[in-house]
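# Geometric and topological summary
Okay, here's what each chain looks like letter by letter:
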Amino acid sequence: MVYSKREKGAFYKQLTEEQSAIRLHCQKKRGYLKWVKKHKPDHPYFGVEFLLSDEQLLQLLREKGLTWSDVGKRNGTYQLGRFNDSGNYEVGNCRFILFEENRKEQYTKSEYNFRGKKYFTIPEIMNDTGLSAYLVRKELGLRVDDYSRQQERKRIKSLDISS
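Basis of the calculations
Residues numbered from 1 in each chain as written. Predicted model: local features only at pLDDT ≥ 70, side-chain atom pairs only at ≥ 80, totals over all residues. Heavy atoms only, no water. Helix = DSSP H or I, 4+ residues; strand = E, 2+ residues; numbered from the N terminus. Buried < 20%, exposed > 50% of the residue type's maximum accessible area, 1.4 Å probe, protein only. Contact = heavy atoms within 4.5 Å. Salt bridge = Lys/Arg side-chain N within 4 Å of Asp/Glu carboxyl O. Axes fitted to C-alpha atoms, helices over the stretch in contact; angles between N-to-C directions. Parallel < 35°, antiparallel > 145°, perpendicular 65-115°, else oblique. Left-handed = near helix turned anticlockwise from the far one by under 90°. Pairing = 2+ DSSP bridges. Arc of directions from axis to C-beta.

Mapped onto the elements, Leu 140 comes out in helix α5 (residues 133–140). Taking the relative accessible area as the measure of exposure, Leu 140 reaches 23% and is therefore partly exposed. A C-alpha to C-alpha distance of 9.6 Å links Leu 140 and Arg 115, two positions 25 residues apart in sequence. Contacts of Leu 140, omitting those with residues within four sequence positions, involve Tyr 112, Asn 113, Phe 114 and Ile 125.

So, in structure tokens, the structure goes:
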């Protein structure tokens, strides 16, 4: 198949835009993981390193048949995920999966020992004990975000008013 100069130019322009987007993503990810390592020893990403080169990341995208525009942080888009959400971001331990699958994997990656019983997810602990996500995460020693704190305050407030 013979391509015109215009088609070749558009192809190479698209390729370089995609490559520059990938390069920027890799730089951001490496920078974020370095920051976590320095400032957040209790963060789930503590000690995780991003060892993929730009070319390796582009190779993973192409193997999956994706373009950079398919990657994102919303339902229906793809993210770079690690197998069992453990180990470094490196060849053989990563793949592009749907955003929803990546979120599920984060919550089902390990088992938790909570008050002498084994659980696989935080919602399972919440259903069994009747505790809020905030209290469960706090007792497990996991990171508690501001949203969880707000929800817990609202729940306590509603209990105080009704009693």
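Structure's up, so let's keep going.
Another aspect to go through is the pattern of salt bridges. Summed over all chains, the structure comprises 2 salt bridges. Arg 115 serves as the salt-bridge partner of Glu 139, at 3.0 Å between the closest nitrogen and oxygen. Residue Glu 139 is found in helix α5, and its partner Arg 115 is found in the loop between β3 (112–114) and β4 (117–119); the two are separated by 24 residues along the sequence. For the salt bridge of Lys 117 with Asp 128, the shortest nitrogen-to-oxygen distance reads 3.0 Å. Of the two residues, Lys 117 sits in strand β4 while Asp 128 sits in helix α4 (residues 122–129), which places them 11 residues apart along the sequence. On the accessibility criterion, Lys 117 (43% relative accessible area) is partly exposed. In this structure Asp 128 comes out as partly exposed when scored by relative accessible area, which is 44%.

Here Glu 18 lies in helix α1 (residues 5–39). If we ignore the near neighbours within four places in the chain, the residues touching Glu 18 are Leu 58, Arg 62, Thr 67 and Trp 68.

The N-to-C vectors of α4 and α5 enclose an angle of 115 degrees; their axes lie 10 Å apart at closest approach. In terms of orientation, α4 lies roughly perpendicular with respect to α5. Between α4 and α5 the crossing geometry is right-handed. Seen from α4, the contacting residues are Ile 122, Ile 125 and Met 126; seen from α5, they are Ala 133, Val 136, Arg 137 and Leu 140.

Right, let's get into the pairing of strand β2 (residues 94–98). With 4 of its 5 residues buried, β2 lies for the most part within the structure. With 5 bridges connecting them, strand β1 (residues 78–82) and β2 associate as antiparallel partners. Within the sheet, the bridge partner assigned to Gly 81 lies in β2 and is Arg 95.

We now examine unusual backbone geometry. For residues that are not glycine, phi is negative in most cases, and the peptide bond is trans in most cases. The backbone of Arg 115 sits at a positive phi, close to 50 degrees, despite the residue not being glycine. Among the residues examined, Arg 115 registers a relative accessible area of 57% and is labelled exposed.

In this section: helix α2 (residues 54–64). Those residues of α2 that sit buried are Asp 54, Leu 57, Leu 58, Leu 60 and Leu 61. Down the axis of α2, the smallest arc covering the buried residues is 155 degrees, so these residues share one side. Residues of α2 that are exposed and point more than 90 degrees away from the buried face comprise Glu 55 and Glu 63.

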